[in-house]
Amino acid sequence: MANSARRDSPELPDFSLLKRLARDQLIYLLEQLPGKKDLFIEADLMSPLDRIANVSTLKQHEVDKLYKVEYKPVVSTSDQLCFLIRPRIQTVKWICDVANADKAAGKFRRYKIIFTPQKFYACEAVLEEQGMFGDVTTDEWAFYLLPLDDDIISLELPEFFRDNFLAGDQRWMRTAGSALHLLHSLYGPFSKVYGIGRYSKMAYESWREQVEQGEQRARQAEIGNVFLIDRDVDFVTPLCSQVVYEGLVDDIFRIKCGCVEFSPDVTASDKSVKVMLNSQDKVFNEIRNEHFSNVFGFLSQKARNLQTAYDKRRGMDIKQMKTFVSEELKGLKQEHRLLSLHIGASESIMKKKTKQDFQELLKTEHSLLEGFEIRECISYIEEHISRQVSMIESLRLLCLLSITENGLLPKDFRSLKAQYLQSYGVDHLLTFSNLRQLGLLVEQQPGETLTVMESRVGKLVNDKTAGKLTDAFSSLAKKSNFRALSRKLNLVPKSDEEYDLRVPRDMAYIFSGAYVPLSCKLIEQVLERDGWTGLEEVTRLLNGNEFAVTGSNGAKNDAQRIILVMFLGGCTFSEISALRFLGREKGYKFIVVTTAITNSSRLIESLLDNHV
């Protein structure tokens, strides 16, 4: 594949500093409660915490026992309880119940709550309301960023997507701004900041506020340019089936916090194995961005090379054997273990994907993206729903159909919705309401009401005073305009010639040559043009909110080619693979910062409301 990277591509900054800072701050906060203590950790913080400070580190700082927050009476006998939680009202209420139960039982203990990444006023209000404000001490662990790999950093906030885009709750915007501020203070100053989307604009403004309040220090920048993008700018990409290896592993086994648990059918043993997936895994690093059709060929070649390396020991004398054992054998054994795991994972993927008629599914997706044979696609989706193949998959296909067609015809919408509710239950009515609100699954309006409104707004976009009006209209006119965008940016390559997936020619390889991800195409175009000039029609179709700001020029030439891309609302492994490809082609290095890693299932699951 295109591993022929340009020789002049710059070195990435060292992000291990982010982990060290987070660990040191956590230790400092734990030491604020001297003596032995029990630590209660919220479930979704356990994996990130494990990447920052393991159990032995916590034990060194007088943490006696570790418990998971389970919203039931505590069994701890310690005199000091420390709670490491997200700022959620439900959890704070439970802590108040624990403290009140202790009071009623005449038990005296000290309580400390450490909120991460920040504490919200609503949580303190609950403590006050419950009469606990003086009995519980609170602190803030500013754990904004977790490096998952050399070029991937996550805020590990999956709830950001639903809270912001569906509920309109902007409490996490300050967190996104603070994350940018931290990167700016350690690896900046940034030369240019580009962005598109309402929340990107908010995150940028929050960051600028923090920069202006803090002190400025002159230093050599390690990151040149920054690109901020909202998830709702491009919903098509996360709704497509992933076919690069890392994306498929995430779709099938769920990569959590950079770690995956391979089940016994992959490990060929009776127990599951947890594997850290990053660039330290030599086998994985070479296949992670490959289209799945190339993976088996690479793994079998790797197995042959490994066998050759093992065979070298034949005919060695004692001295050579000693050198081989001390220097090479350990590495070969480790590589052998990882190779057998990835072969097992690939076989498991093959079984699952052929079972579900994966080729037929991909063909339907490609037809939707190209806008061909839509009736056949609708028939396929209807069959998918009536066979009850998968509740999430059916919704995903409905959303993809709606976005690519700029809404469904009223009769199709009513028919498909009725079939879905009959097949999976009427308690999904609220889910349909959520999807409509986000513009993911809508019916076309009779007449041209929206189009007229959009064209009027389009004329106002260039007028600065009309900014607020545009915002208001864009929320009413939630249309995807996918077809027009696809034509303008050439997102669907012409399918006249055969696409060679072994030697990809553009970013479309991540979807078998059928579609270039819109998010990555925008980034490519803006970097090429050094701004949004010439993309006015594209930004109008995307409801505006684009910006480009020139900052300081402190970055050296190498740093200018290091681009930090921040996805607000989640990013897929396919997009990361596409950006790595773009970086290799153009001599850039991309660093992806995301509120969380997402995929089609996570995206749809976050919008489900079937617990009526």
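Shown above is the structure to which this text applies.
Residues numbered from 1 in each chain as written. Predicted model: local features only at pLDDT ≥ 70, side-chain atom pairs only at ≥ 80, totals over all residues. Heavy atoms only, no water.

Attention shifts here to the pairing of strand β1 (residues 37–41). Within a regular strand, the side chains alternate between the two sheet faces. Among the five residues in β1, five count as buried, and that is most of the element. Residues Lys 37, Leu 39 and Ile 41 line one face of β1 and the alternating positions Asp 38 and Phe 40 line the opposite face, and both faces are buried. With four bridges connecting them, β1 and strand β2 (residues 63–68) associate as parallel partners. Bridge pairing in β2 links Phe 40 to Tyr 67. (Buried < 20%, exposed > 50% of the residue type's maximum accessible area, 1.4 Å probe, protein only. Helix = DSSP H or I, 4+ residues; strand = E, 2+ residues; numbered from the N terminus. Pairing = 2+ DSSP bridges.)

Here helix α1 (residues 16–31) contains 16 residues, and its C-alpha end-to-end distance of 23 Å stays within 8% of the 22 Å for a straight helix at 1.5 Å per residue. Restricting attention to buried positions, one finds in α1 the residues Leu 18, Ala 22, Leu 26, Ile 27, Leu 29 and Leu 30. Seen from one end, α1 has its buried residues packed into an arc of 165°, which puts them on one side. (Expected span 1.5 Å × (residues − 1). Arc of directions from axis to C-beta.)

Before going further, it helps to spend a moment on the packing of aromatic side chains. For any pair of aromatic rings, geometry is given as the distance between the ring centres together with the angle between the planes. With the rule as written, the count across this model stands at 25 aromatic pairs. Relative to Phe 143, the ring of Trp 141 lies with its centre 4.6 Å away and its plane at 25°, an arrangement referred to as stacked. For the pair formed by Trp 141 and Phe 143, the shared burial category is buried. With a centroid separation of 5.5 Å and 70° between ring planes, the pair formed by Tyr 420 and Phe 432 is classed as edge-to-face. Pair noted here: Tyr 420 is in helix α18 (residues 410–424) and Phe 432 is in helix α19 (residues 429–437), with a separation of 12 residues, a long-range link. Ring pairing ties together the aromatic residues Phe 40, Tyr 67, Tyr 71, Phe 83 and Trp 94, which thus form one cluster. Over the ring of Trp 207 we find Arg 208; its NZ or CZ atom is 5.1 Å from the centre of that ring. (Phe/Tyr/Trp six-rings, centres within 6.5 Å; stacked < 30°, edge-to-face > 60°. Lys NZ or Arg CZ within 6 Å of the ring centre and 35° of its normal.)

This next bit is on the side chain of Glu 246. Residue position: Glu 246 is located in helix α10 (residues 245–253). Among the residues examined, Glu 246 registers a relative accessible area of 2% and is labelled buried. Reaching out from Glu 246, the side chain makes a polar contact with the side chain of Arg 288 at a distance of 3.1 Å. Leaving out residues up to four positions away in the same chain, Glu 246 has contacts with Ile 255, Phe 284, Arg 288, Phe 573 and Arg 580. (Polar contact = N/O pair within 3.5 Å; in protein donor to acceptor, adjacent residues only side chain to side chain. Contact = heavy atoms within 4.5 Å.)

Moving on, we get to α10. One turn of an α-helix holds 3.6 residues; hence residues three or four places apart share an orientation. Summarising burial for α10: seven of the nine residues are buried, a large majority. Along α10, the residues that are buried comprise Tyr 245, Glu 246, Gly 247, Leu 248, Val 249, Asp 250 and Phe 253. Two residues or fewer past α10, Arg 254 is found with a positive phi of approximately 65°.

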